[in-house]
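# What the coordinates show
Now for the letters of each chain:
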Number of protein chains: 2
Amino acid sequence: MATTTLERAYSIGKVSEATGCKVETIRFYEQIGLLPEPERTEGKQRRYLASHIDRLRFILHARDLGFSVEAVRELLKLAADPSAPCEQADEIARAQLAAVRAKIARLMDLAEELERVADGCHGGRIADCRVIEVLAEHGACSHGGARYDDGR
Amino acid sequence: MATTTLERAYSIGKVSEATGCKVETIRFYEQIGLLPEPERTEGKQRRYLASHIDRLRFILHARDLGFSVEAVRELLKLAADPSAPCEQADEIARAQLAAVRAKIARLMDLAEELERVADGCHGGRIADCRVIEVLAEHGACSHGGARYDDGR
DNA sequence: CATAATTCCTCTAGTAACTACAGGTTCAAG
DNA sequence: CTTGAACCTGTAGTTACTAGAGGAATTATG
């Protein structure tokens, strides 16, 4: 069958070095189907081609931008078909952008409150510590309202 | 022994209602030691006092501000001793603030790149889709450099 | 008061996206 | 041919919950 030349193919360690992705993570991506199974040596060790490295870099870059593994899976599927319309890819990217913006907004609110909290505190006793005090107050914030997904 | 009057104590469902925290989460917080075990009815159902609700609100507020469960545990310990100096509480809050600011910075970078990515894409074909293209390029970004903790 | 509906109980497993072993092979260098 | 490094599989741990099974207790209704 299509046994590619294993000479000049990369071991998993080399791929790790080349991409900065941990060995375990590479195996993990294979396990969840993001990376295709590479050829193996007779002793069952993985041997990768340059195409695997390209694909892995794509994955890493997307993950780095905060795309979920599922989103990456979609993007890879789309990338595989160059003649398809790119609406979907666009949509995924825009959804991600919206999510990132939402997280930023939420975190800015947090930062503001934390600043207030931390600023009141300069080496006194717990008894009059702003940090504890503010956390104990429930007036300002949502509980009990409904809880919502927090952006951590 | 010190069996408090269970009349006028709240069921777990009431506590959930009062705080907006799910029943399962309340039990979970007990399990990991954030909430003390409440009294039980003869039939082993939990009955909470107002103090439990206060403590739970403290926890929820802190979690809402992004403090980790471990940080919350620390804060609760500190809050229990009003005569202790408040340096530690201060430190925890400042660390949290720094973490939040770091996440914001990182997410702003992401948003910027995502904007560039999404803006180039207006209903063409995948073959010349910016989204896919940018992800496939590895020049601009860190791989392979070392990976670092991403702020998701 | 009897029954039905609701709430509660414990325990286990699942989520995301990896990371970290343990215990054993295989490979490449000397 | 013998090390020692790199590799293998498989399982369990991480964070902070969430969801479900299967059954008991409580509360509401007739």
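See the structure shown above.
Quick notes on the rules
Residues numbered from 1 in each chain as written. Chains lettered and ligands numbered in written order. Predicted model: local features only at pLDDT ≥ 70, side-chain atom pairs only at ≥ 80, totals over all residues. Heavy atoms only, no water. Buried < 20%, exposed > 50% of the residue type's maximum accessible area, 1.4 Å probe, protein only. Helix = DSSP H or I, 4+ residues; strand = E, 2+ residues; numbered from the N terminus. Arc of directions from axis to C-beta. Contact = heavy atoms within 4.5 Å. Buried area = accessible area lost by both parts, 1.4 Å probe. Salt bridge = Lys/Arg side-chain N within 4 Å of Asp/Glu carboxyl O. Polar contact = N/O pair within 3.5 Å; in protein donor to acceptor, adjacent residues only side chain to side chain.

### Re helix H2 (residues 23–31) of chain A
Residues and elements named next belong to chain A. When we look at burial in H2, the residues that qualify are Ile-26, Tyr-29 and Glu-30. Looking down the long axis of H2, one finds its buried residues gathered within 105° of arc, a one-sided arrangement. More than 90 degrees from the buried face of H2, the exposed residues found are Glu-24 and Gln-31. Of the surrounding elements, those touching the buried residues of H2 are helix H1 (12–19), strand S1 (39–40), strand S2 (46–47) and helix H3 (50–64). Gly-33 occupies a position one or two residues after H2 and carries a positive phi of about 85°.

### Some remarks on the interface of chain A and chain B
Interfaces are often sized by the accessible area lost when the parts come together. Each partner contributes residues to the interface: chain A has 69 residues there, and chain B has 69 residues. Together, the buried faces of chain A and chain B total about 6200 Å²; carbon and sulfur atoms form 66% of this surface. Our count for the contact surface shared by chain A and chain B stands at 4 salt bridges. Taking the shortest distance from any N to any O, the salt bridge between A:Arg101 and B:Glu115 comes out at 2.8 Å. The interface formed by chain A and chain B holds 20 residue pairs in polar contact (both at pLDDT 80 or more) in total. Among the elements of the structure, H1, H3, helix H4 (69–79), helix H5 (87–119) and helix H6 (130–136) of chain A are those that each provide at least two residues to the side of chain A that touches chain B.

### Side note on the pattern of salt bridges
All names here are of chain A. One pass over the structure, following the stated rule, counts 16 salt bridges over all chains. For Arg-46, the salt bridge identified is with Glu-30, shortest N-O distance 2.8 Å. Placement of the pair is Arg-46 in strand S2 and Glu-30 in helix H2, with a sequence separation of 16 residues. Of the two residues, Arg-46 and Glu-30, both sit in the buried class. What you see here is one network of salt bridges that share partners, running through Glu-30, Arg-40 and Arg-46.

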